[in-house]
Amino acid sequence: MTTRTAAVLTVSDSSARGERADISGPRTADLLRQNGFDVTHQEIVPDEQAAIESALVRLSGQAQLVVTTGGTGIAERDVTPEATRAVCSRLIEGISERMRAAGMEQTPFAMLSRGVCGLRGCSIIVNLPGSPSGAVESLRAVLHILPHAIDLLAGKTGHDDPHK
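What to know about the layout of surface pockets
In step 1: One number sums up the size of the largest pocket: a volume of about 350 Å³.
In step 2: Elements represented by at least two residues in the lining of the largest pocket include exactly helix H5 (93-104), strand E6 (123-128) and helix H6 (132-142).
In step 3: No other element matches the 4 residues that H5 contributes to the lining of the largest pocket.
In step 4: Its residues placed into classes, the lining of the largest pocket shows 5 nonpolar, 14 polar and 3 charged.
In step 5: For the second largest pocket, the calculated volume is near 190 Å³.
In step 6: Lining of the second largest pocket is provided by 14 residues; of these, Ser12, Ser15, Arg20, Ser24 and Gly130 occupy positions nearest its centre.
In step 7: Taken together, the residues that form the lining of the second largest pocket break down as 4 nonpolar, 8 polar and 2 charged.

In C-alpha cells, the structure reads:
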C-alpha cells in the first residue's frame, strides 16, 4: 500500500491566540491516520487571508493532501475559501458538493458552508467546516475518493474503476 502524506491546517482566531483548544484539527488528523495517511504537519493560523494563503502554499509543497478546518462559514472573518481559491490552479467542485450534501443529511446549516476543494501543483486542498463533528463528517464523505485523486495527480492515470 502506498503511503500518502497529509497536512492539517486549523483556521481559527481563538485557537491561534491560545484561547481555545483546537479539537477539529486533531480529530481530522486522527481520521486521516486511520485511513492510511501519514499526517506530516498540523498547524493553526488565524482567520487572516494572507496567513492562510502562505500556509497553504507551504504545506501543499510538503504534502499530497492539505485539509483545512474552519473559516468556511458566512461570518465576515471566514475567508478560508477565498484563500484556497487564490492559491489553487483549479477547483474540484464535486468534492465540495458531496461534503455539503452529506452535511445536510445531518443539519440544514451545512448549506451555509462555503468550503471549496482545489489543486495546487500535485496537492489537493480540501476545506472542512470548523466544528469537530462537521469536519469529521465532511471528510468521511469524500475520504474514499482522495487516494484515487492523489494517484491521478501523481500521473497514475489508468481509467479502471477501482470499485469494480
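Still more ground to cover, so stick around.
Comments concerning the nonpolar core
In step 1: Counting residues in hydrophobic clusters, the biggest one holds 26 residues, and the most contacted among them are Leu32, Phe37, Leu65, Ile124, Val126 and Leu146.
In step 2: For this core, the element with the highest residue contribution is H6, accounting for 5 residues.
In step 3: For leucine 146, the residues in contact, after removing those within four places along its chain, are Phe37, Leu65, Ile95, Ile124, Val126 and Leu139.
In step 4: Grouped together as the second largest cluster of nonpolar side chains are 15 residues, Val11, Leu59, Ala83 and Val87 included.

Points about the state of the cysteines
In step 1: Evaluated as defined, the whole model comprises 0 disulfides.
In step 2: No disulfide involves cysteine 88; its sulfur sits 7.6 Å from the nearest other cysteine sulfur, which is in cysteine 117.
In step 3: According to the relative accessible area criterion, cysteine 88 is buried, its value standing at 12%.
In step 4: Judged by its relative accessible area of 1%, cysteine 117 falls in the buried class.

The rules we used
- For every chain, the first residue of the written sequence is number 1, and numbering continues from 1 onward in sequence order.
- Totals for whole chains, interfaces and linings use every residue, but because this is a predicted model, local features are given only for residues with pLDDT of at least 70 and side-chain atom pairs only at 80 or more, for both listing and counting.
- As a rule here, side-chain values come from all non-hydrogen atoms in the structure, and water together with hydrogens is ignored.
- Only protein atoms enter the 1 Å grid, on which a cavity is a set of points fitting a 1.4 Å probe that cannot get out and a pocket is an open set with protein on both sides within 12 Å along at least 5 of 7 lines, lining residues being those with an atom within 4 Å of a point.
- Grid points are joined across faces, edges and corners, and a volume is the space filled by probe spheres set on the points.
- A helix here means a DSSP run of H or I that spans at least four residues, while a strand means a run of E at least two residues long, and both kinds are numbered starting from the N terminus.
- Note that Gly is not counted as nonpolar here; it falls among the polar residues with everything else outside the nonpolar set of Ala, Val, Leu, Ile, Met, Phe, Trp, Tyr, Cys and Pro and the charged set of Asp, Glu, Lys and Arg.
- The definition of a nonpolar core used throughout is a set of buried Ala, Val, Leu, Ile, Met, Phe, Trp, Tyr and Cys residues joined through side-chain atoms within 4.5 Å.
- For the exposure calls, accessible area comes from a 1.4 Å probe over protein chains only, and a residue counts as buried if that area is under 20% of its type's maximum, exposed if over 50%, partly exposed in between.
- Working rule for contacts: check all heavy atoms of both residues, and any pair within 4.5 Å makes them a contact.
- The criterion for a disulfide is a pair of cysteine sulfur atoms lying within 2.5 Å.

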